[in-house]
Amino acid sequence: MLKTLLHPEISPRALRVALLVGTILNLINHYDLFLGSPLSVKLLFQMGLTYIVPYMVSCHGQSSVIQTR
């Protein structure tokens, strides 16, 4: 599993997907931070998870396609 997450053919695309999707989701879910709400450790953790999930989903999808070739 760790090999898949760091595979040189998979990780660059997964990183781009995570940055795009994670940023959009963070803007949707935490828009109040831009309106002046305080930032906490809990919110930072949640925001980090918001990037990790799309990365892992993208890795899984790409590895599934590679395995079926």
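What you see is a predicted model, and the numbers here were worked out from it, not measured in a lab. (Residues numbered from 1 in each chain as written. Predicted model: local features only at pLDDT ≥ 70, side-chain atom pairs only at ≥ 80, totals over all residues. Heavy atoms only, no water.)

This brings us to the side chain of S11. By the element assignment, S11 lies in helix α2 (residues 11-29). Residue classification places S11 among the buried positions, given a relative accessible area of 16%. For S11, the residues in contact, after removing those within four places along its chain, are L5, L6 and Y55. (Helix = DSSP H or I, 4+ residues; strand = E, 2+ residues; numbered from the N terminus. Buried < 20%, exposed > 50% of the residue type's maximum accessible area, 1.4 Å probe, protein only. Contact = heavy atoms within 4.5 Å.)

Contact geometry for α2 and helix α3 (residues 41-68): axes closest at 8 Å, N-to-C directions at 140 degrees. Of the possible angle classes, the one that applies to α2 and α3 is oblique. Helix-helix and strand crossings are classified by hand; for α2 and α3 the assignment is right-handed. Residue-level inspection shows S11, R13, A14, L15, V17, A18, L19, V21, G22, T23, L25 and N26 of α2 in contact with α3, the latter providing M47, T50, Y51, P54, Y55, S58, C59 and Q62. Partitioned by chemical class, the residues of the contact of α2 with α3 number twelve nonpolar, seven polar and one charged. (Axes fitted to C-alpha atoms, helices over the stretch in contact; angles between N-to-C directions. Parallel < 35°, antiparallel > 145°, perpendicular 65-115°, else oblique. Left-handed = near helix turned anticlockwise from the far one by under 90°. Nonpolar A, V, L, I, M, F, W, Y, C, P; charged D, E, K, R; others polar.)

A word on the environment of N29. Here N29 shows up in helix α2. As for N29 and S64, which are separated by 35 residues in sequence, their C-alpha atoms are 29 Å apart.

Once that is clear, we can look at the nonpolar core. Of all hydrophobic cores here, the largest spans six residues; its members are L5, I10, A14, A18, Y55 and C59. Those elements that provide at least two residues to this core are α2 and α3. In this structure Y55 touches L5, S11, A14, L15 and A18, once residues within four positions along its chain are discounted. (Core = buried A, V, L, I, M, F, W, Y, C linked by side-chain atoms within 4.5 Å.)

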